[in-house]
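Residue strings, one per chain:
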Amino acid sequence: MEHNAGFVNIIGNPNVGKSTLMNAFVGEKLSIITSKAQTTRHRILGIVNGDDFQMILSDTPGIIKPAYELQSSMMGFVKSAFEDADVLIYMVEIGEQSLKDEAFFQKIINSKIPVLLLLNKIDKSSQEELESQMELWKEKVPTAEIYPISALENFNVPQVFNRIIELLPMSPAYYPKDQLTDKPERFFVNETIREKILMNYKKEIPYAVEVETEEFFEEEHIIRIRSVIMVERETQKGIIIGHKGNALKTVGIQSRKDLEKFFGKQIHIELYVKVNKNWRSNARQLKRFGYNK
């Protein structure tokens, strides 16, 4: 039997629905999804297996012009997505006119691999606006196949999924067929906690936070987790903890519920907050957290 396998890399501006699309394809919540920009910091692989195919999806950070070392590292993950892709998904949303980095845009236009341009969030548009946007992107990226979709409502998502399988090269599987992702368990603990921080805190706080899971002990019926939330300043530590520890307790409860669904086991989680000054601009710290490879 013929077998197709390959890497499908998703790029686009922040908050256009890249993570929602990948999670819809994989059927698991691998990438965190919030309404805030720059939610995804790493390049996350989700693996979808069928009898005759293996699709390796890569969700990347939204394309921005970096303002500090962490953001430069995030854009490094996006650059690497061009290097090993067999199919490139360029995702835009209704109302967008361009990519925030012209150099990336030129790479897409001149790509030698198949490009699928997905016009997302069409459930929020009129027919007239949709037709206008389709024409705009056909003109801007004439080499791409364009699909109007709603990742959230699953509109046209199965059609795109089937088209990707057709475009994958013939190849044996790259990963074991029962593997869902290339990331370890602790990574998903960190990302789940970070998602809850993005949801519960405002302004700069979520962007100054990194999470590190120091202990992950799996027993037959329970997983015991100890994680540290890093912030850059003492004032941020106080905000994360909140009055009588209530804010931190909320993050812990919400994280536990999601992690119990993800791992299918009871979760006991302990959260601590530490100050790690200016970690976003410290190359050594960024390497420790998996950004500078």
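In what follows, the structure referred to is the one given above.
Rules of the game
- Residues numbered from 1 in each chain as written.
- Predicted model: local features only at pLDDT ≥ 70, side-chain atom pairs only at ≥ 80, totals over all residues.
- Heavy atoms only, no water.
- Helix = DSSP H or I, 4+ residues; strand = E, 2+ residues; numbered from the N terminus.
- Contact = heavy atoms within 4.5 Å.
- Areas by Shrake-Rupley, 256 points an atom, 1.4 Å probe, with all protein chains shown as cover.
- Salt bridge = Lys/Arg side-chain N within 4 Å of Asp/Glu carboxyl O.
- Buried < 20%, exposed > 50% of the residue type's maximum accessible area, 1.4 Å probe, protein only.
- Axes fitted to C-alpha atoms, helices over the stretch in contact; angles between N-to-C directions.
- Parallel < 35°, antiparallel > 145°, perpendicular 65-115°, else oblique.
- Left-handed = near helix turned anticlockwise from the far one by under 90°.
- Phe/Tyr/Trp six-rings, centres within 6.5 Å; stacked < 30°, edge-to-face > 60°.
- Lys NZ or Arg CZ within 6 Å of the ring centre and 35° of its normal.
- Patch = residues over 30% accessible without salt bridge, like charges linked within 9 Å, V, L, I, M, F, W, Y side chains within 5 Å.
- Lys, Arg positive; Asp, Glu negative; His and termini not counted.
- Charge placed at Lys NZ, Arg CZ, Asp CG, Glu CD.
- Core = buried A, V, L, I, M, F, W, Y, C linked by side-chain atoms within 4.5 Å.
- Polar contact = N/O pair within 3.5 Å; in protein donor to acceptor, adjacent residues only side chain to side chain.
- Pairing = 2+ DSSP bridges.

1. Structural notes on the overall build of the protein
At step 1: Helix and strand counts for the protein stand at 9 helices and 9 strands.
At step 2: Looking at the protein alone, contacts between residues at least 24 apart form 72% of all its contacts between residues at least 6 apart.
At step 3: Within the structure as shown, the protein displays about 14000 Å² of accessible surface, and the carbon and sulfur contribution to it stands at 49%.

2. Focus on unusual backbone geometry
At step 1: With phi around 65 degrees, asparagine 154 is a residue other than glycine that occupies positive phi space.
At step 2: By the secondary structure assignment, asparagine 154 is in the loop between strand E6 (145–148) and helix H5 (157–167).
At step 3: At asparagine 156, a residue that is not glycine, the phi angle is positive and equals roughly 70 degrees.

3. Examining the pattern of salt bridges
At step 1: Here the structure, examined in full by the defined rule, presents 11 salt bridges.
At step 2: With a closest N to O distance of 2.8 Å, arginine 163 and glutamate 145 form a salt bridge. Within this pair, whereas arginine 163 is found in helix H5, its partner glutamate 145 is found in strand E6, the two being separated by 18 residues in sequence.
At step 3: The exposure class assigned to arginine 163 is partly exposed, which follows from its relative accessible area of 23%.
At step 4: Between lysine 265 and glutamate 218 there is a salt bridge, with its nearest N and O atoms 2.9 Å apart. Of the two residues, lysine 265 sits in the loop between helix H8 (246–263) and strand E9 (266–275) while glutamate 218 sits in strand E7 (residues 210–218), which places them 47 residues apart along the sequence.
At step 5: Owing to a relative accessible area of 21%, lysine 265 belongs among the partly exposed residues under this scheme.

4. Comments concerning the packing of helix H6 (residues 185–200) against H8
At step 1: At a minimum axis distance of 9 Å, the contact between H6 and H8 shows a crossing angle of 140 degrees. Put simply, H6 runs oblique to H8. Between H6 and H8 lies a crossing whose hand is right-handed. Two secondary-structure elements touch here, H6 through Glu185, Phe188, Val189, Thr192, Ile193, Glu195, Lys196, Ile197, Met199 and Asn200 and H8 through Thr250, Val251, Gln254, Ser255, Asp258, Leu259, Phe262 and Phe263.

5. Considering the packing of aromatic side chains
At step 1: What the rule picks out here adds up to 7 aromatic pairs.
At step 2: Considering the side-chain rings of phenylalanine 262 and phenylalanine 263, the 5.1 Å spacing of their centres and the 85 degrees angle between planes classify their relative orientation as edge-to-face.
At step 3: Taking relative accessible area as the criterion, phenylalanine 262 reaches 26% and is therefore assigned partly exposed.
At step 4: An aromatic cluster of three or more residues is present, and its members are Phe188, Phe216, Phe262 and Phe263.
At step 5: Lying over the aromatic face of tyrosine 272, arginine 226 brings its terminal NZ or CZ to 4.2 Å of the ring centre.

6. A few points about a negative patch on the surface
At step 1: Side chains of Glu128, Glu129, Glu131, Glu135 and Glu139 sit close together on the surface and give a patch of like negative charge.
At step 2: By the secondary structure assignment, glutamate 139 is in helix H4 (residues 127–140).

7. Observations regarding the packing of helix H7 (residues 234–241) against H8
At step 1: Running from amino to carboxyl end, H7 crosses H8 at an angle of 65 degrees, the nearest separation of the two axes being 5 Å. For the pair H7 and H8, the contacting residues are Ile239, Ile240 and Ile241 in the first and Asn246, Ala247 and Leu248 in the second.

8. Examining the nonpolar core
At step 1: One finds Leu21, Phe25, Met55, Leu57, Ile89, Leu118 and Ile164 to be the most contacted residues of the largest nonpolar core, which totals 25 residues.
At step 2: When residues of this core are traced back to their parent elements, those giving at least two are strand E1 (4–12), helix H1 (18–26), strand E3 (53–59), strand E4 (87–93), strand E5 (115–120) and H5.
At step 3: Tallying contributions element by element places H5 first for this core, with 5 residues.
At step 4: Counting 21 residues, the second largest nonpolar core, distinct from the first, contains Tyr201, Leu248, Leu259 and Ile267.

9. Regarding the environment of serine 255
At step 1: Tracing the sequence through the fold places serine 255 in helix H8.
At step 2: By relative accessible area, serine 255 is classed as buried at 0%.
At step 3: In this structure, the C-alpha to C-alpha distance between serine 255 and glutamate 195, residues 60 residues apart in sequence, is 8.5 Å.
At step 4: If we ignore the near neighbours within four places in the chain, the residues touching serine 255 are Thr192, Ile193, Lys196 and Ile269.
At step 5: Here valine 251 takes part through its backbone oxygen, which lies 2.7 Å from a polar atom of the side chain of serine 255.

10. Re the sheet that holds E7
Sheet strands pair by backbone hydrogen bonding; their relative direction is either parallel or antiparallel.
At step 1: With respect to topology, 3 strands assemble into an open sheet ordered E7-E8-E9, the strand pairing being mixed. Each edge of the open sheet carries a strand with a single partner, namely E7 and E9. Each strand of the sheet is rotated relative to its neighbour by a mean of 15 degrees, with strand direction disregarded.
At step 2: Across 8 bridges, the pairing between E7 and strand E8 (residues 222–231) is antiparallel. Bridging from a neighbouring strand, phenylalanine 216 pairs with isoleucine 225 of E8.
At step 3: Docked against the sheet, H6 engages E7, E8 and E9, running at close to 130 degrees with respect to E7.
At step 4: Relative to the sheet, H8 contacts E7, E8 and E9, its axis offset from that of E9 by approximately 140 degrees.

Shape is all these values report; function is a separate question.
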